[in-house]
Amino acid sequence: MQKKLLELEFGERGVVREIRTSVHDLNCMGIRVDRELKMVTKQPIKGPVVVLLGEMQIAIGLDLAAQIIVDVIGKDA
Amino acid sequence: MADSTKKKITVLMVGNPNVGKSALFNRMTGANAMVSNYPGTTVDFTSGTLIEGRQEYEIIDVPGTYSLEPRDAAEEVAVRMIRDHPDAVVMIVFDATKIDRGLYIALEVMEQGMLCIVAVNMMDTAHDKKISVDTADLQKVLGVPVVATTATSGEGIRELAEQIRKAQVADLDKIIKRLNGEIPDKKSVGGCGGCGGC
Ligand SMILES: Nc1nc2c(ncn2[C@@H]2O[C@H](COP(=O)(O)OP(=O)(O)O)[C@@H](O)[C@H]2O)c(=O)[nH]1
Ligand SMILES: [Mg+2]
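Since we're looking at a predicted model, the values are computed, not measured.

> Would you mind showing me how to read the overall build of chain A here?
The helix and strand tally for chain A stands at 2 helices and 6 strands. Element order for chain A, N to C, with α for helix and β for strand: β-β-α-β-β-β-α-β. By the compact-globule yardstick of 11 Å for 77 residues, chain A fits well, its C-alpha radius of gyration being 11 Å. The principal-axis extent of the C-alpha atoms belonging to chain A is close to 30 × 25 × 25 Å. Out of the 77 residues in chain A, the part that is buried amounts to 47%. Sequence-distant contacts in chain A: of pairs separated by 6 or more residues, those separated by 24 or more amount to 56%. About 4000 Å² of surface is accessible on chain A, with carbon and sulfur atoms providing 51% of the total.

> What is the right way to look at the side chain of Asp71 of chain A in this model?
Within the fold, Asp71 of chain A resides in strand β6 (residues 68–75). If sequence neighbours within four positions are ignored, Asp71 of chain A has contacts with Met1, Gln2, Arg13, Gly14, Val15 and Arg17 of chain A.

> Quick question: what am I supposed to make of the packing of aromatic side chains here?
When we look at a pair of aromatic rings, we describe it by the centre distance and by the angle of the planes. All names here are of chain B. Taken as a whole and judged by the stated rule, the model has 1 aromatic pair over all chains. When the centroid spacing of 5.6 Å and the interplanar angle of 70° are considered together, the rings of Tyr38 and Phe45 count as edge-to-face. The burial state of Tyr38 is the same as that of Phe45; both residues are buried.

> How should the sheet that holds strand β2 (residues 12–19) of chain A be read in this particular structure?
Residue and element names in this part refer to chain A. Read from one edge to the other, the open sheet built from 6 strands follows the order β1-β6-β2-β3-β4-β5, with strand pairing classed as antiparallel. If you trace the sheet from one side to the other, it starts and ends with β1 (2–4) and β5 (56–60), each paired once. Adjacent strand axes in the sheet meet at a mean angle of 40° when their direction is disregarded. Bridge count between β2 and β6: 7 bridges; the pairing is antiparallel. Bridged to Ile19 within β6 is Ile68.

> Quick question: what am I supposed to make of the nonpolar core here?
The nonpolar side chains of a soluble globular protein tend to be buried, and buried together. Residue and element names in this part refer to chain B. With 36 residues, the main nonpolar core has Ile92, Val109, Met110, Val118 and Val120 as its most contacted residues. Among the elements of the structure, β1 (9–15), α2 (73–84), β5 (89–95), α3 (99–111), β6 (115–121) and α5 (135–142) are those that each provide at least two residues to this core. When residues no more than four places from it in sequence are discounted, the contact partners of Met110 are Ile92, Cys116, Val118, Leu142, Val144, Ala170, Leu172 and Ile175.

> Would you take a moment to explain the site of ligand 1 for this structure?
Residues and elements named next belong to chain B. Near ligand 1 there are 14 residues, and of these Asn18, Lys21, Ser22, Ala23 and Asp124 occur at the shortest range. Within the contact set of ligand 1, an oxygen atom lies 2.8 Å away from a backbone nitrogen or oxygen of Asn18. Take Lys21: an N or O atom from its main chain is 2.8 Å from an oxygen atom of ligand 1. Here ligand 1, which alone exposes 580 Å², has 67% of that area covered by the protein. Mapped onto the shell around ligand 1, the elements with two or more residues apiece are α1 (21–29) and α4 (123–128). The dominant element in the shell around ligand 1, judged by the number of residues it contributes, is α1, at 3 residues. Residues of the shell around ligand 1, tallied by class, amount to 5 nonpolar, 7 polar and 2 charged.

> I tried to follow the pattern of salt bridges on my own but got confused; where do I start?
Here the idea is simple: oppositely charged side chains can pair when their charged atoms come close. Scanning all chains against the criterion turns up 17 salt bridges over all chains. Two residues, Lys129 of chain B and Glu55 of chain A, come together in a salt bridge whose shortest N-O distance is 2.7 Å. Residue Lys129 of chain B is located in the loop between α4 and α5, and its partner Glu55 of chain A is located in the loop between β4 (49–53) and β5; the two belong to separate chains. Exposure remark for Lys129 of chain B: the relative accessible area of 42% places this residue in the partly exposed category. By relative accessible area, Glu55 of chain A is classed as partly exposed at 32%. The partner of Arg158 of chain B in a salt bridge is Glu162 of chain B, and the shortest N-O contact between them spans 3.3 Å. Here the residue Arg158 of chain B and the residue Glu162 of chain B both occupy positions in helix α6 (residues 157–163), the gap between them amounting to 4 residues, near one helical turn. Arg158 of chain B gets classed as exposed once you look at its relative accessible area, which sits at 57%. Given a relative accessible area of 32%, Glu162 of chain B falls into the partly exposed group. When salt bridges that share partners are traced, they join Lys3, Glu9, Glu12 and Lys75 of chain A into one network.

Conventions used here
- Residues numbered from 1 in each chain as written.
- Chains lettered and ligands numbered in written order.
- Predicted model: local features only at pLDDT ≥ 70, side-chain atom pairs only at ≥ 80, totals over all residues.
- Heavy atoms only, no water.
- Helix = DSSP H or I, 4+ residues; strand = E, 2+ residues; numbered from the N terminus.
- Rg over C-alpha atoms; globule rule 2.2 N^0.38 Å.
- Buried < 20%, exposed > 50% of the residue type's maximum accessible area, 1.4 Å probe, protein only.
- Contact = heavy atoms within 4.5 Å.
- Areas by Shrake-Rupley, 256 points an atom, 1.4 Å probe, with all protein chains shown as cover.
- Phe/Tyr/Trp six-rings, centres within 6.5 Å; stacked < 30°, edge-to-face > 60°.
- Pairing = 2+ DSSP bridges.
- Axes fitted to C-alpha atoms, helices over the stretch in contact; angles between N-to-C directions.
- Core = buried A, V, L, I, M, F, W, Y, C linked by side-chain atoms within 4.5 Å.
- Near = heavy atom within 4 Å.
- Polar contact = N/O pair within 3.5 Å; in protein donor to acceptor, adjacent residues only side chain to side chain.
- Nonpolar A, V, L, I, M, F, W, Y, C, P; charged D, E, K, R; others polar.
- Salt bridge = Lys/Arg side-chain N within 4 Å of Asp/Glu carboxyl O.

So this is what it looks like as structure tokens:
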């Protein structure tokens, strides 16, 4: 199932399929197509989402997170 | 003692924030560091001296950056420092647990045609997390010296300092060919990692 990164639920894991904004800005932070990531925190009141990428936790603003399309591959408890 | 007939060489330490650049810098330069403001900016940077093999180096701890397409003032300064020191050696510092992200900035720096050397820092953390990094293979692929370090314990610092003089200009076309297996591995002789420094 495809979702916007923004829509991943807490603990859900996905693989990045498409980046609809500056690919460079996300790539240099380690987010690129085919990379697996996991949603670890969603901050309330339009705060950033935090995803886990390997050993890195990366906070991403909501607008940006809406531009990243992922394939959902599972969910951790 | 430095050989006063040799020209001082500038070394720019470049890498993502929090990879241990400053810790490595402190290990290499000891107590003579100086903090300055980069001309026309509010961004501070630290510089210090290293004498190794009778050669004097001015080491500059460049503000951490994710890329050479700047997105804030500190990144802007990093880019300017590289542009303002075309003859410098760039020491690219990786966090051994986040190699892929380090490679992004590394390749951007290598594209500039500067002399490069790579330090893969935080080897202790990588070891603890059961992440292994094949620095010899990385050196073969990149064609520049790659040294494993742990800044907090001092491991690898000596070798890192010694390898600065072997810094190489990376050849991106060759890197791609090596990755595609189009260039066979050079036979390594006597522990040589094939960085081409000799
Ligand atoms: N375990 C470990 N910690 C390190 C190493 N190098 C630096 N650190 C720590 O990582 C943090 C960031 O280091 P720092 O030198 O400030 O990173 P910089 O942002 O790249 O200058 C500090 O808490 C350092 O003590 C290392 O090799 N191993
Ligand atoms: Mg620092």
